[in-house]
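Summary of structural features
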Amino acid sequence: MSGKRIKLSGAAYQKAAKEKKKNNEELLQKIPKLHSFFHTRIVGSPEMIPIEEYSQSKRCLPTDISKIEIPLNTTDDTKVTEISTQPHSQQAEITVYDFNEKSQIPGPDPVKWNLNLDSINFLLANPPKIDISTIPFAETKRMFGNISRRLTPDHFMRKLQNGEKKLREWILYSPSKNALFCFQCLLFSPKPTVFGNKNEGFINWKKCNESLQEHETSKTHAESVRIWFSRIKKEDRGVIDLELKLNIENQISYWKNVLYRVVETVSFLASRGLAFRGNSHNFGSKQNGNYLGCLELVAKFDPFLSAHIANYGNKGKGNVSYLSSNICDEFISLMSDTVIDKIVSEIKERKYFSLIVDSTPDVTTRDQLTVAIRYISNEGLPVERFLGFIPSVGHKGSDMEQALLKKFCELNIDLKFCRGQSYDNASNMSGVYNGLQTRIKNYSSTAFFVPCSAHSLNLIGSNAADTTEEGTKFFFICQAIYNFFSVSTFRWNILTNIIEKNPGCVKIKKLCSTRWSSRYDVCRAMCNGYAQVLSALNTICDDEGQKKDTRHEARSIKNKIESLNFCFMICMWTPILQRFNATSISLQSIDIDLATVVTLYDSLEKYVEDFRERFDVYLEQAKTMCSKQLFSWDGVRQKKRNKFFDETESNEELLGGEQKMKCEVFYVIIDKLAMNLRERKLSYTDINNNFGFILKLDTLDTNGIRESAKNLVKIYPEDLNETFIEELVQFKNILNLFSKEDKSSFISLLKCLTNSSLLTTFPNVEIVLRIFCCMASSNASGERSFSVLKRIKNYLRSALVDEKMSSLSILNIESDILQQIDWSDIIHKFAVLKSRKKLI
């Protein structure tokens, strides 16, 4: 032997490991288990009955009991351990599941209850409450021969001898089984009964009254009620687990008080878009973030929270405090889901809605698709709500379609009730073949596409400015002026000091590439502060202490803005952009309908057409501003085009002076604005023509009203019937009784009709108004969500995960709903599920 260690092969090593594992398992099987030394009892049973008797009453597990569920309070992420009690020859199995899952909490349907110790205790603490208004009595029909019978509200009322009626609170209705059950007998019946049989229930509607009276006076029901009452009565000293219950309730009350403060802190920070975390997670540190910092601030004036932080704070993982980041994130998700559920319930109640979709990259260049929705509230006012961000969808129409379908499927919103779509003018959104708006129409044929009116207005101005060289050069010089002064604090102070000495002047602004109508601020600043900007440039040019290139750049800009061309463009663009900016702000409002959009476009088009005749006015203003009488091309030899030998002589003359500015610049820009306004307006006019006659009912004859109403019935056959035609004819006489303000717009008319007693008389008119008013005229709400995205996911919070970022955005944007929600029930359930302890 060489003395070297012989290394086993892979197969030999695996064989030896299997033999070792087998020997260990055989040894473990021979060792007695801990539970073999104890007698098994049902914990918390009504009267500590032996297992055999308890199993026969069908209240818990059978005689060969196999599982006892024991929730243990361990950490902030509390889990429930399920211990299996097996024979001595078998190994004990331990599995862990999350008690927070919805499947563990008994729902409203008694057939689906999994009755065990935990669920019974939960039902005792949270008994189901019967609500007759929610029972679909029309769907409870059963056939008895040729006679059909169904449940009625009288079956849930007990009539006393003196004529009074009392609600039978013990009755439970199962919609899945279409049967009745007794709450107390289902849990504690000592004998089998029809109302206590979970698998069958009572279904004989023919003898329903007799059976209900017989059951509620029976001894079995009385005994079940006695057991039930003894379990919930705290003062009964005969209950074995009374002290345990009191201890549990005290803990629940304590943790509820803690969670109230946690929820309010999370709500405060989320509604304002503030950061939660810091570099430290310990109380007392200056870098522990806003969340722990707010709790420390509240603790200075709250003895309860101060004592809690002193006893449970900074103990690390494995210790319960409910102040950790995990619980904070859990409540952020829970609160955002609650807000979304509130929005979805309102959408389902109001039925019709329209989509607002847009996308933008976040700080990590990850594309985020924003989804908003517009519907009509119960008060008759339009509401636009944010539903969240969808990350990394892509820019193809098919990809966005699948993302939206998945989103609305998760929210349980049916796209067939979509009546409008508002996107920007990109081809992937507005395309008539493969665009998103075309794909959505496959699910709702009446989901008409409405291009964003504010975005269209920006495109109109941008296209008009780019049609001429002078228009492009003007805005380029404006941006160059801002860049020249803003790049140096010395230059900026020179300009600021000169402007401050002249009241009425404003500081120069930066051009915005996305909000084109905001260029009005640039033109207004240049128009009011033209002399001051020129004075600042002269100061820099004459300053010997400045660099030569700086002085040269200032002199170059000065020569450009001193020209009559630049001054005329200032005088021309300032009034145009002032009206464009005011119109754009109105178009971005939520309280606007398509009829108002068409009216604003009409007024702007007429304004531009009238503006065409004011060339001389603005030319005189420009000459006064710069004290020059000639344009840049005047006095310069104009080049003539070379003619070919076969061309005939012509008397064409090249334009110059004022005629060149008028014909080649002014008229071109104005005509381009008017033409684009006219073309873009058609997208809104077609839809508005279908509904616009409603506001003109008092000027139309009966035949005209009927024809227009028939057209609407053809467009919306699933929403309107033929009765709408005659209903609208009658509504014409009612409309005369409304005030001028109430019928000035569709939204005001809908609000007045919704809040009046005429709603039941004219339901189809209300449907038409609701459909038209729910159509979004702009996607400004989607654009506003981008501002929230940039505040919440900034460069300091770039690692924020998409789910949490979307939840925080929802809480920030929909903060009005967040403040209205009462969190008492959620906090109570959270405390019950997370803070309860049991003994074995």
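The text that follows walks through the structure, step by step, so that each part is easy to find. (Residues numbered from 1 in each chain as written. Predicted model: local features only at pLDDT ≥ 70, side-chain atom pairs only at ≥ 80, totals over all residues. Heavy atoms only, no water.)

What follows concerns the side chain of Ser174. Following the sequence through the fold, Ser174 ends up in strand β8 (residues 171-174). Residue class for Ser174 comes out buried when judged on its relative accessible area of 0%. Engagement of the side chain of Ser174 in a polar contact is seen with the side chain of Asp109, the distance being 2.6 Å. From its side chain, Ser174 meets the backbone nitrogen of Lys177 in a polar contact 3.2 Å long. (Helix = DSSP H or I, 4+ residues; strand = E, 2+ residues; numbered from the N terminus. Buried < 20%, exposed > 50% of the residue type's maximum accessible area, 1.4 Å probe, protein only. Polar contact = N/O pair within 3.5 Å; in protein donor to acceptor, adjacent residues only side chain to side chain.)

Time to look at helix α21 (residues 594-611). Look at α21: 26 Å from first C-alpha to last across 18 residues, which is about the 26 Å you get at 1.5 Å a residue. Those residues of α21 that sit buried are Leu594, Ala595, Val597, Val598, Leu600, Tyr601, Leu604, Glu605, Val608 and Phe611. Packed against the buried residues of α21 are α14 (453-465), α20 (564-587), α22 (615-626), α23 (657-691), α26 (746-754) and α27 (763-773). In this structure Asp593 caps α21, since a side-chain oxygen of it lies 3.1 Å from the backbone nitrogen of Ala595. (Expected span 1.5 Å × (residues − 1). Contact = heavy atoms within 4.5 Å.)

Our focus in this paragraph is the nonpolar core. Counting 111 residues, the largest nonpolar core has Phe568, Trp573 and Phe731 as the members making the most contacts within it. Looking at which element gives the most residues to this core, the answer is α20, with 13 residues. (Core = buried A, V, L, I, M, F, W, Y, C linked by side-chain atoms within 4.5 Å.)

Reading across from one edge, β12-β11-β10-β13-β14 is the order of the 5 strands in this open sheet, with mixed pairing throughout. Each edge of the open sheet carries a strand with a single partner, namely β12 (382-391) and β14 (448-449). Relative to strand β11 (residues 367-376), strand β10 (residues 353-361) runs antiparallel, the two sharing 9 bridges. Residue pairing for β11: Ile356 is matched across the bridge by Ala372. Each of β10, β11 and β12 touches helix α11 (residues 397-411); the most contacted strand, β12, lies at about 115° to it. (Pairing = 2+ DSSP bridges. Axes fitted to C-alpha atoms, helices over the stretch in contact; angles between N-to-C directions.)

Before going further, it helps to spend a moment on the packing of α14 against α20. Packed helix pairs are characterised by how far apart their axes lie and by the angle those axes make with each other. In the contact formed by α14 and α20, the axes pass within 9 Å of each other and the chain directions differ by 160°. Considered as vectors, α14 and α20 are oriented roughly antiparallel to each other. In the packing of α14 onto α20, the handedness of the crossing is left-handed. Judged by residue contacts, Ser453, Ala454, Leu457, Asn458, Ile460, Gly461 and Ala465 of α14 engage Trp573, Phe580, Thr583, Ser584 and Leu587 from α20. Residue composition of the contact of α14 with α20, by class: 7 nonpolar, 5 polar and no charged. (Parallel < 35°, antiparallel > 145°, perpendicular 65-115°, else oblique. Left-handed = near helix turned anticlockwise from the far one by under 90°. Nonpolar A, V, L, I, M, F, W, Y, C, P; charged D, E, K, R; others polar.)

A few words on the environment of Phe580. With respect to the helices and strands, Phe580 occurs in helix α20. The buried category is assigned to Phe580, whose relative accessible area is 2%.

With that settled, consider the pattern of salt bridges. The tally for this structure, following the rule as stated, stands at 26 salt bridges. One salt bridge in this structure joins Lys793 and Asp362, with 3.1 Å as the shortest N-O distance. A residue pair is termed long-range when its members are at least 10 positions apart, and Lys793 in the loop between α28 (780-792) and α29 (802-813) and Asp362 in the loop between β10 and β11 qualify at 431 residues. In terms of burial, Lys793 and Asp362 fall into one category: buried. Among the ionic contacts, a cluster of salt bridges with common partners joins Asp602, Glu605, Glu609, Arg678 and Lys681. (Salt bridge = Lys/Arg side-chain N within 4 Å of Asp/Glu carboxyl O.)

Now for the environment of Ser778. Along the polypeptide, Ser778 turns up in the loop between α27 and α28. Judged by its relative accessible area of 3%, Ser778 falls in the buried class. Note: C-alpha distance between Ser778 and Val450 (328 residues apart in sequence) is 7.7 Å. With near-sequence residues (within four places) excluded, Ser778 lies in contact with Ile356, Ser422, Cys452, Ser453, Ala454, Leu587 and Gln588.

The next point concerns the packing of aromatic side chains. A full pass over the atoms with the stated rule returns 33 aromatic pairs. With a centroid separation of 5.5 Å and an interplanar angle of 50°, the aromatic rings of Tyr601 and Tyr684 are classed as tilted. Here Tyr684 lies in helix α23 and Tyr601 lies in helix α21, a separation of 83 residues in the sequence. Each of the two residues, Tyr601 as well as Tyr684, counts as buried. On the basis of an interplanar angle of 55° and a centroid distance of 6.2 Å, the ring pair of Phe731 and Phe738 is categorised as tilted. Each member of the pair, Phe731 as well as Phe738, is classed as buried. The structure contains a cluster of three or more aromatic residues connected by ring pairs, namely Phe568, Tyr607, Phe611, Phe615, Tyr618, Phe666 and Tyr667. The positively charged end of Lys315 is found above the aromatic ring belonging to Tyr312, 5.8 Å away from the centroid. (Phe/Tyr/Trp six-rings, centres within 6.5 Å; stacked < 30°, edge-to-face > 60°. Lys NZ or Arg CZ within 6 Å of the ring centre and 35° of its normal.)

Take it as geometry only, folks, not as evidence of what the structure does.
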